[in-house]
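Here is how the chains run, residue by residue.
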Amino acid sequence: MNDPERRWRERTFEAVVFDWCATGVSHGARAAPIRRRVAMLCAAGAEVAVMSDEDLDAVDGRLRVRPGGPGRLWLCVSGGLELYGVGEDGPRLRWRRSGHADRAGDAGWAGTVPAGEPDAMRAILACFDERGIGAGLVLVVGGRSGPAGEGGPGGAIASIVEARRATAVSVAPECDDLPPGVAHLGGGPATLLHLLDRQVRRRRHRRVPAMDGDPAWTIRETGTDPSRHRVTETLFTLGAGGFATRGSVEEPAHGSVPLVLAAGIYTGTGSEQHLLPGPRWTGLILRPPPREDLRVLDLRAGVLFREEIGHSPPVRTLRLACVSRPGVVAMRAEAGVGRLRAGSPLRWPPEGEVTEGRLDGHDWSRVTSGHAGVAAVAAQRTGRDGGVRTLERIVAYTADPAHRPVPRGAVAALEAAGEVGFDRLLAEQRAAWAARWEAVDVRIPDDPETQLAVRFALFHLWSNTGCGEEVAVGARGLSGKAYAGHVFWDADVFVLPALVSMRPATARAMVVYRLRRLAAARARAAALGFSGARFPWESATTGEEVTPARGHLGGEAVAILTGRMEEHITADIAWAAAHYARWSGDDGFLSGPARPLMIETARYWASRCQVDDAGRAHIGPVIGPDEYHEAVTDNAFTNVMARWNLRRAAELVSPGDEEGRRWRVLADRLVDGYDPASGGYEQFAGYFRLEPLTMAQVAVPPVAADLLLGRERLAATQIIKQPDVLMLHHLVPEETEAGSLEADLDFYGPRTAHGSSLSPAITACSLARAGRPDEALSLLRIALAMDLEDLTATTATGLHMATFGGVWQALLTGFAGARVRDGTLCLDPRLPEAWGSLGVRFRCLGRRVRLDITREAVEVRTDGALRLRLGTGEPQDVAGSARLPRGR
Ligand code: IFM
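Rules behind the numbers
- Residues numbered from 1 in each chain as written.
- Predicted model: local features only at pLDDT ≥ 70, side-chain atom pairs only at ≥ 80, totals over all residues.
- Heavy atoms only, no water.
- Near = heavy atom within 4 Å.
- Polar contact = N/O pair within 3.5 Å; in protein donor to acceptor, adjacent residues only side chain to side chain.
- Areas by Shrake-Rupley, 256 points an atom, 1.4 Å probe, with all protein chains shown as cover.
- 1 Å grid on protein atoms, 1.4 Å probe; cavity = no way out; pocket = protein on both sides within 12 Å on 5 of 7 lines; lining within 4 Å.
- Sits in = over half its atoms within 2 Å of the grid points.
- Disulfide = S-S within 2.5 Å.
- Pairing = 2+ DSSP bridges.
- Helix = DSSP H or I, 4+ residues; strand = E, 2+ residues; numbered from the N terminus.
- Axes fitted to C-alpha atoms, helices over the stretch in contact; angles between N-to-C directions.
- Buried < 20%, exposed > 50% of the residue type's maximum accessible area, 1.4 Å probe, protein only.
- UniProt positions renumbered as here; feature names shortened; annotations may be inferred.
- Expected span 1.5 Å × (residues − 1).
- Salt bridge = Lys/Arg side-chain N within 4 Å of Asp/Glu carboxyl O.
- Arc of directions from axis to C-beta.
- Contact = heavy atoms within 4.5 Å.

As annotated in an unreviewed UniProt entry, the protein carries the name Glycosyl hydrolase family 65 protein and comes from Streptosporangium vulgare.

Here you go:
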């Protein structure tokens, strides 16, 4: 079988477009055969579109299909002038072509396309797109004889760029002069029925669906390099509803670390607390296993596809974590008969107490440790399609942080998913992801690589965070064991500001995670002799400090002081609560549920500051974000964040309140390290007197400078690990002196090793804000490569969630220049030379917002009234859309 033939024979298409004339119904053929197949495909979740020169009554009157979904039927009639969606209650007009004739388009093939069709085809593809179906999953069947230029869907498809990845065939008895890429099958209506039968049959036999290789949406890995193996399985983690599965291959593989993790489900005590792995569900017996394969993460659809290279029939698998059914995961697999065995659907994780059994005809397995546990219930079935063995597995997870989860709790979800069936689950999945991308996305036409990498970051921000009333986001999400799933400031200051623009309810739940651990933070402050609440640097189940006391650096045991000294986390958490409220427009949040957190954190700082004889307030010894310098005094970031915390809490008490008055006075007295001589901030007391070493004298960043120079030597220099002073420009610019951002960028930039994955994205954001978008783009690219290129050689143990959060902040707050002030969305875009335009979609102030930014203007679209301000212009109310010209 040659390649084009394999394309249409060996693929499951998610959408089919066919020419009405190919059915022969207008020339006397019976409509019942085509009706039956269209209805079956729609019921299985496929989209079907019919194109015809005849009018609606003529086509619909004979086809008479009333699909109940999930796949939809589209009738594009009157030569492409009108498009109707057909549901159970009949056709509804979706689109009508406006005025003037189309041109043949830009495909460069001879002939004139009849007027309506390219527009109509675009409209059809846009309908498919709404359901997450890209052109690569569309089969187009033309039926007209004569030169291709005589039109029909085959002609239309060849004439528009969007459709080039579709598979196009012609069933016309004769067809000369076909456009390139359109295969001639001939055979008329019988061939069309045969093609549709194949699609129905592939679904009935549970064949592995195809994936769309759209380069704008897919991350691909090929090859056999075992050292890349573990990185790939981290990158290909799939998650939804608070459960995630690493993208390990199905068979046992050298070095592979397959894991299923559930958000907030920890085991162990003290600093040993870590995420408890649940039963594994992706294992298969493949003999022999594939030697080489292509693996594709499809970000648009939220599926992971695998296809063996160099073997026929190849091993193929496709898996997904259902976005609309929390805890449900599903997989199909196929291989030549004799190579594939299902084995047990649930495999034991590496630790915990495992129990298993059968319930209502399903296998179940549960892992518990202490009170917490993760349970799964599974169903699987095998089949055969000629020489191909197929397997379908659906699993439902449930988890509980405080009780042993009951497997029965997942049976209903499993059975509901089983009833819907894999094909419809996949259709649901595509639609759910399409809805996400419709609301939150990035468009950079001049920089497709950056666009893809930003989408990858958004994908994992969605996939590696939980859902529910409280959400604990570990530094590596749910994608690996590093940092044991502990929650750092990464969650509050890096991930939350991204999520509030993507899924505000999750950002709120992240604050709730902290609120519910306020009692533990109070106890910690009291134990240390302070008032209020002090949050832990690393947090897990209980909210107690879980930072380990010792670790390793380059094989050497070292003391870890961050749990004792990295105190800024307390103000960071208060900032996160306020940021959530401001960005989402949840006005009552700070004065309501989050008030105790704001007040107690301020009380902590009030008792923590030491006022000297001159009346100046100090905080020390602490560690700032730059962890290369420990036990410092008056770290500018810590002090300014504490000042902000005191002032913000004072706004929440009544004006005459004595405690509030004391907070304000203390805030004014806090030393902030501003140095009028240089116009910037000194990172901590005495920093300017350290050896003025810069990275140009050491190594090219990003680099772990502590490994290179040794901790002691490094501490005596001005080299820093990550933005420290810059973080206060990023979080609380209103607390900084005018003009200091530029001075601090110039001073600290050359001294930053970017030894933390958190570093490049926030630097990019600050550079863009400072009007240096080209430098910002270089830093953004480093941040984007952090995991995709495993820049720090740590991706094998998990994704860097703070980097992803920082990347989205760099796009939104940096390049688009979006900030919320007093209920107004303020924009101040900065485009690098390499980008002619930037499109961002996000949520803000309860609205969905789209910005299309060029050097000339900002086009804004919202789904409701929004107060907006561009640059230093006047605020204006926008509802619907507006074009805001930019000054030069
Ligand atoms: O929170 C970070 C810290 O800023 C640098 N070291 C790693 C931690 C977890 O990502």
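So, about the site of the ligand. Taken together, A475, Y483, F488, W489, D490, W537, E627, K721, Q722, S756 and L758 form the complete shell of residues around the ligand. Taking E627, its side chain carries an N or O atom lying 3.5 Å from a nitrogen atom of the ligand. For the ligand, the protein covers 91% of the area, taking 280 Å² as the surface of the free molecule. If you map the ligand onto the pockets, it falls in the largest pocket.

Quick look at the state of the cysteines now. Covalent bonding between the sulfur atoms of two cysteines defines a disulfide. Taken as a whole, this structure holds zero disulfides when the rule is applied. Unpaired in this structure, C42 has its nearest cysteine sulfur neighbour in C127, at a distance of 13 Å. Free cysteine: C844, not disulfide-bonded; nearest cysteine sulfur from C826 at 9.5 Å.

This part is about the sheet that holds strand β38 (residues 876-878). On the basis of which strands lie adjacent, the open sheet formed by four strands has the order β32-β33-β37-β38 and mixed pairing. Here the strands that pair on one side only, and so sit at the sheet edges, are β32 (819-821) and β38. Within this sheet the neighbouring strands show an average axis-to-axis angle of 40°, counted without direction. When strand β33 (residues 824-827) meets strand β37 (residues 866-870), the two strands line up parallel, connected through three bridges. Each residue of the ladder has a partner; that of L827, found in β37, is L870.

With that settled, the discussion passes to the pairing of β33. Along β33, one buried face is formed by T824 and C826 and the opposite face, lined by L825 and L827, is buried too. Looking at chain direction, β32 and β33 are connected through three bridges and run antiparallel. Bridge pairing in β33 places V820 opposite L825. Counted between consecutive antiparallel strands, the loop separating β32 from β33 contains two residues, among which D822 sits at a positive phi close to 50°.

Quick look at the UniProt feature "domain: Glycoside hydrolase family 65 C-terminal" (unreviewed entry) in the protein now. The positions UniProt marks with the feature "domain: Glycoside hydrolase family 65 C-terminal" (unreviewed entry) are residues 819-864. Each end of residues 819-864 is marked by a C-alpha atom, and these two atoms are 18 Å apart; helix forms 0% of the span and strand 63%.

Right, let's talk about helix α10 (residues 448-463) for a bit. In this model α10 runs 22 Å from its N-terminal to its C-terminal C-alpha over 16 residues, within 8% of the 22 Å that 1.5 Å per residue would give. Counting buried positions along α10 yields 14 of 16 residues, so the element is predominantly enclosed.

With that settled, the discussion passes to the pattern of salt bridges. Going through the model one piece at a time under the given rule, you end up with 72 salt bridges. A salt bridge links R62 to E54; the shortest N-O distance between them is 2.5 Å. Note on R62: relative accessible area 27%, which makes it partly exposed. Judged by relative accessible area, E54 falls into the partly exposed class, the value being 23%.

So, about helix α13 (residues 518-527). Every buried residue of α13 is accounted for by L518, A521, R524 and A525. When α13 is viewed along its axis, its buried side chains cluster within an angular range of 115° and face the same direction. Counted as exposed and oriented over 90 degrees from the buried face of α13: A519, A526 and A527. Tucked into the core, α13 has its buried residues touching α12 (504-515), α14 (562-565) and α17 (595-608). Directly beyond the C-terminal end of α13, a positive phi value near 90° is found at G529.

Here L83 lies in strand β4 (residues 82-87). With relative accessibility at 0%, the residue L83 sits in the buried group. Each C-alpha atom of the pair L83 and G563 lies 62 Å from the other, and the pair is 480 residues apart in sequence.

Turning our eyes to something else, we now look at the side chain of H362. Structurally, the position occupied by H362 is in strand β22 (residues 362-369). Here H362 falls in the buried class, since its relative accessible area comes to 12%. Here the side chain of H362 touches E415 through a polar contact of 2.9 Å, side chain to side chain. Ignoring sequence-local partners within four residues, the contact set of H362 consists of G357, V377, A378, A379, V411, L414 and E415.

All right, on to unusual backbone geometry then. In this chain, S312 is followed by P313 through a cis amide linkage whose omega measures -5°. Secondary-structure assignment places P313 in the loop between β17 (303-308) and β18 (316-321). Cis geometry is found at the peptide bond from P701 to P702, where omega equals 0°. Assignment of secondary structure puts P702 in the loop between β31 (680-681) and α20 (705-709). Residues other than glycine seldom take positive phi values, yet D360 does so here, at roughly 50°. Within the secondary structure, D360 is located in the loop between β21 (353-359) and β22. The backbone of D822 shows a phi angle near 50°, a positive value even though the residue is not glycine. For D822, the position within the fold is in the loop between β32 and β33. Residue class for D822 comes out exposed when judged on its relative accessible area of 79%.

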